[in-house]
Amino acid sequence: MVYRIILAVILMVLQVHGTMGGIAYDLGLSRKFPFIGPVKPPNIVFLLADDLGWNDIGYHNDQVKTPTLDRLAAEGVKLENYYVQSLCSPSRGQLLTGRYAATTGLSNVVVGGIPVALPLSETLISQKLKERGYRSHIVGKWHVGCYERAYLPTNRGFDSFYGIQHGRCDYYTHQRCDVVFGVCGLDFWNNTRPDSTKSDTYATDIYVEQAIDIINKHNPSNPLFLYMAFQLPHEPLQVPAEFEGLYDNMPNGKRKTYLAMVSALDAAVANIHQALEDNDMLDNTVIVFSSGMYA
């Protein structure tokens, strides 16, 4: 499952942080590792797509134009036989805690007006990494509960939050309409304050700008954890025309717009990767790309 990937990263961080040295056992024989001194913990950049299907990426389907993700997959390790929860909030809760939704109690989608959230008794990866000296930031989609301030990202181990608290927001107006009560309003937040200054700007462009700003301003004396929780390619089906143009050979329709959104996601990853490279951070950064699920 997705959460196993990030738990593997945590274990790796906890194991290498500090001095390196110990005993390995092989076929019943032991050998001593050489002492190599302090090891700097790696930066962790977790890129989470929303509703990206197995067949919706270039290295699985040559109809899809995702050159950056294709290259990262070719140069990295592909983990392709795992599952996530079929709903968004439980899937994200598992990712953040490393625990099954049935264990945490967050087993359905969080909707506005209903007092449900990932319990405060659960420890999030952001909190564990903070104990190891990490600076942690979330950009994009939270969607594990916000009905009281205690449940907001900045009260759960993240140093900053920029994005949406729920799901299904309009990419340009940043408004959402609650599916239960039908109430519409702005869901676009800079930490704990609503941000109404960026109307008509594509949400992904704003998220990437925020992520690059975090990377550019990061103090290298502390390791970085950036949880980049994209809305893309989740509905509503909205994308700048330049990405629709990549699929002019397809008839107009939902599939064309959806694939254009996937290409917009790829371009966003490219810009974040470039920012890491520009700041000489790639050599000590673990990049994980995965997909969450519906809602």
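Quick notes on the rules
Residues numbered from 1 in each chain as written. Predicted model: local features only at pLDDT ≥ 70, side-chain atom pairs only at ≥ 80, totals over all residues. Heavy atoms only, no water. UniProt positions renumbered as here; feature names shortened; annotations may be inferred. Helix = DSSP H or I, 4+ residues; strand = E, 2+ residues; numbered from the N terminus. Buried < 20%, exposed > 50% of the residue type's maximum accessible area, 1.4 Å probe, protein only. Contact = heavy atoms within 4.5 Å. Disulfide = S-S within 2.5 Å. Patch = residues over 30% accessible without salt bridge, like charges linked within 9 Å, V, L, I, M, F, W, Y side chains within 5 Å. Areas by Shrake-Rupley, 256 points an atom, 1.4 Å probe, with all protein chains shown as cover. Salt bridge = Lys/Arg side-chain N within 4 Å of Asp/Glu carboxyl O. Lys, Arg positive; Asp, Glu negative; His and termini not counted. Charge placed at Lys NZ, Arg CZ, Asp CG, Glu CD. 1 Å grid on protein atoms, 1.4 Å probe; cavity = no way out; pocket = protein on both sides within 12 Å on 5 of 7 lines; lining within 4 Å. Points joined across faces, edges and corners; volume = space filled by probe spheres on them. Nonpolar A, V, L, I, M, F, W, Y, C, P; charged D, E, K, R; others polar. Core = buried A, V, L, I, M, F, W, Y, C linked by side-chain atoms within 4.5 Å. Axes fitted to C-alpha atoms, helices over the stretch in contact; angles between N-to-C directions. Parallel < 35°, antiparallel > 145°, perpendicular 65-115°, else oblique. Pairing = 2+ DSSP bridges.

The chain is annotated in an unreviewed UniProt entry as Arylsulfatase I-like of Lingula anatina. Recorded in UniProt for the chain, the comment headed Cofactor (unreviewed entry) runs: "Ca(2+)".

A.B. asks: Describe the overall build of the chain, naming the residues involved and giving the relevant values.
C.D. replies: A count of helical and extended segments in the chain gives eight helices and 13 strands. Relative to its full complement of 295 residues, the chain shows a buried share of 49%. At a minimum sequence separation of 6, the contacts of the chain that also span at least 24 residues come to 68%.

A.B. asks: Could you give an account of the state of the cysteines, with specific residues and numbers?
C.D. replies: Here the structure, examined in full by the defined rule, presents one disulfide. Paired by a disulfide, Cys 177 and Cys 184 hold their sulfur atoms 1.9 Å apart. Measuring handedness by torsion sign, the sulfur bridge of Cys 177 and Cys 184 sits at about 105 degrees and is right-handed.

A.B. asks: I'd like a description of the side chain of His 273, backed by residues and values.
C.D. replies: One can find His 273 in helix α8 (residues 254–278). Given a relative accessible area of 12%, His 273 falls into the buried group. Setting aside its immediate chain neighbours within four residues, His 273 contacts Arg 71, Leu 72, Leu 282 and Ile 287.

A.B. asks: With reference to specific residues and values, describe a negative patch on the surface.
C.D. replies: Taken together, the side chains of Glu 277, Asp 278, Asp 280 and Asp 283 define an acidic patch exposed on the protein surface. For Asp 280, the location among the structural elements is in the loop between α8 and β13 (285–292).

A.B. asks: Break down the layout of surface pockets for me, with residues and values.
C.D. replies: Considered as a void within the structure, the largest pocket measures approximately 970 Å³ in volume. The wall of the largest pocket is formed by 32 residues, among which Tyr 59, Leu 79, Tyr 82, Phe 289 and Ser 290 lie closest to the centre. Of all the secondary structure elements, the ones that give two or more residues to the lining of the largest pocket are α1 (2–16), α2 (67–75) and β13. Split into classes, the residues belonging to the lining of the largest pocket amount to 20 nonpolar, nine polar and three charged. Approximately 180 Å³ is the volume found for the second largest pocket. Contributing to the lining of the second largest pocket are 13 residues, with His 166, Arg 176, Gly 185, Leu 186 and Asp 187 lying nearest its centre. Here the element with the most residues in the lining of the second largest pocket is strand β9 (residues 184–186); it accounts for three residues. Among the residues making up the lining of the second largest pocket, the classes are represented as five nonpolar, five polar and three charged.

A.B. asks: Lay out the nonpolar core in plain terms, naming residues and giving numbers.
C.D. replies: Core analysis: the biggest nonpolar cluster contains 43 residues, and Ile 215, Leu 226, Met 228 and Phe 230 have the highest contact counts within it. Mapped onto this core, the elements with two or more residues apiece are β5 (43–50), β7 (160–164), α6 (203–217), β12 (224–229) and α8. Top element by residues in this core is α8. It accounts for 12 residues. In contact with Phe 230, not counting residues within four places along its chain, are Leu 47, Leu 48, Ala 49, Asp 50, Arg 92, Thr 204, Leu 265, Ala 268, Val 269 and Ile 272. With 22 residues, the next largest nonpolar core counts Leu 48, Ile 125, Leu 129 and Trp 189 among its residues.

A.B. asks: If you had to explain the packing of α2 against α8 to someone new, which residues and values would you point to?
C.D. replies: Look at α2 against α8: their axes get within 7 Å of each other, and the N-to-C directions meet at 60 degrees. Between α2 and α8, the crossing angle belongs to the class labelled oblique. Two secondary-structure elements touch here, α2 through Pro 67, Thr 68, Leu 69, Arg 71 and Leu 72 and α8 through Asp 266, Val 269, Ala 270 and His 273.

A.B. asks: Which residues make up the sheet that holds strand β10 (residues 189–190), and what values do they have?
C.D. replies: The strand order across the open sheet formed by seven strands is β11-β10-β7-β6-β12-β5-β13, and the pairing between neighbours is mixed. If you trace the sheet from one side to the other, it starts and ends with β11 (193–194) and β13, each paired once. Both β5 and β12 contribute to a ladder of five bridges, which runs parallel. Considered in β12, the bridge of Leu 48 is made with Ala 229. In this fold α8 packs onto β5, β12 and β13, with an angle of close to 165 degrees to the strand it touches most, β13.

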